[in-house]
Each structure stands twice: as structure tokens, then as C-alpha cells.
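Spelled out from the first residue to the last, the chains are:
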Amino acid sequence: QVQLVESGGGLVQAGGSLRLSCAASGRTFSRYDMGWFRQAPGKEREFVAAINWSASSTTYADSVKGRFTISRDNAKNTVYLQMNSLKPEETAVYYCAAKYRGTRVYNYWGQGTQVTVSS
């Protein structure tokens, strides 16, 4: 069982930056691949970025490549999402998710943190 708690959301102007954090419970964090997703009002949840259990591999949605960076600190049981050059259309609730390494489905989710980008 993994429990996830996101933090770091808030209000930022377009072009600004935010760093999201996701703290995980348990002693087996390093066995999980981690991901960030977001859901804007009236839209479906979409993939943002992912990092594998060893941090040797990262994946990004095309829309955030070059602006967002996902990272993790297994000693702190935490995954991060550094978001730069934010756009108003990226206003959404951002969710952290976990899946056991090598599996396909994210089956642990945080409660989400609101990111609002003003124009």
C-alpha cells in the first residue's frame, strides 16, 4: 500500500514557475514508478510526466517537454515536478500516481494539488 500527498500548488502568473512535491508513505517507494497527471475543469485527466523506480528513465507529454522536469529522491520518498514557463491553459488539478515497477497501471493516487496560471 502506498499513500501519496501532493503539495506545492498555487497561483502563478503566466511564464512563472512552480515546483510540485509528492510525498509517499511506506518503505518501498523505490520499487514504484511514479507519474504526474493533471485534470482541467471539464476535461479528462491527462498524462504529464513519469519517472521509473531508479530514475534512469523519464517520459513527458509533448506539451510539456523542455519546460517541465520530473525527478525523485528515494531517500526522501518524494517525487517532484518542476514546472517552468507555465501557461494559463495548464491550470488544473495536478495528481501524483504510483505503480509497481514494470506494471502498466497506476493504482495509487494522491488527492491532487491545484495549480492556477493567470494570464
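This section reports on the structure supplied with the text.

Parameters and conventions
Residues numbered from 1 in each chain as written. Predicted model: local features only at pLDDT ≥ 70, side-chain atom pairs only at ≥ 80, totals over all residues. Heavy atoms only, no water. Salt bridge = Lys/Arg side-chain N within 4 Å of Asp/Glu carboxyl O. Helix = DSSP H or I, 4+ residues; strand = E, 2+ residues; numbered from the N terminus. Buried < 20%, exposed > 50% of the residue type's maximum accessible area, 1.4 Å probe, protein only. Core = buried A, V, L, I, M, F, W, Y, C linked by side-chain atoms within 4.5 Å. Contact = heavy atoms within 4.5 Å. Polar contact = N/O pair within 3.5 Å; in protein donor to acceptor, adjacent residues only side chain to side chain.

So, the pattern of salt bridges
Applying the stated rule across the entire model yields five salt bridges. E46 is the partner of R38 in a salt bridge, and the nearest nitrogen-oxygen pair spans 2.6 Å. For K65, the salt bridge goes to D62, with nearest N and O atoms at 3.1 Å. Among the ionic contacts, a cluster of salt bridges with common partners joins R38, E46, R67 and E90.

Structural notes on unusual backbone geometry
We note that N77 has phi near 55 degrees; this positive angle belongs to a residue other than glycine. If you trace the backbone, N77 turns up in the loop between β7 (68–73) and β8 (78–83). Look at N77 and you get buried, because its relative accessible area is 16%. In this structure, S85 is a non-glycine residue whose phi angle is positive, near 50 degrees. Checked against the element boundaries, S85 lands in the loop between β8 and β9 (92–100).

A few points about the nonpolar core
Judged by nonpolar contacts, the single largest core of 31 residues is most densely connected at L4, M34, W36, V79, L81, M83 and Y94. If you list the elements that add at least two residues to this core, you get β3 (18–24), β4 (32–39), β5 (46–51), β7, β8, β9 and β11 (113–118). Not counting residues up to four positions away in its chain, the partners in contact with L4 are C22, A23, A24, M34, C96, A97, A98, Y108, W109, G110 and Q111.

Structural notes on the side chain of E90
Here E90 lies in the loop between β8 and β9. Classification of E90 as buried rests on a relative accessible area of 2%. In this structure the side chain of E90 is engaged in a polar contact, spanning 2.5 Å, whose partner is the side chain of R67. Not counting the four nearest positions on each side in its chain, E90 is found in contact with R38, S63, V64, R67, F68, S85 and V115.

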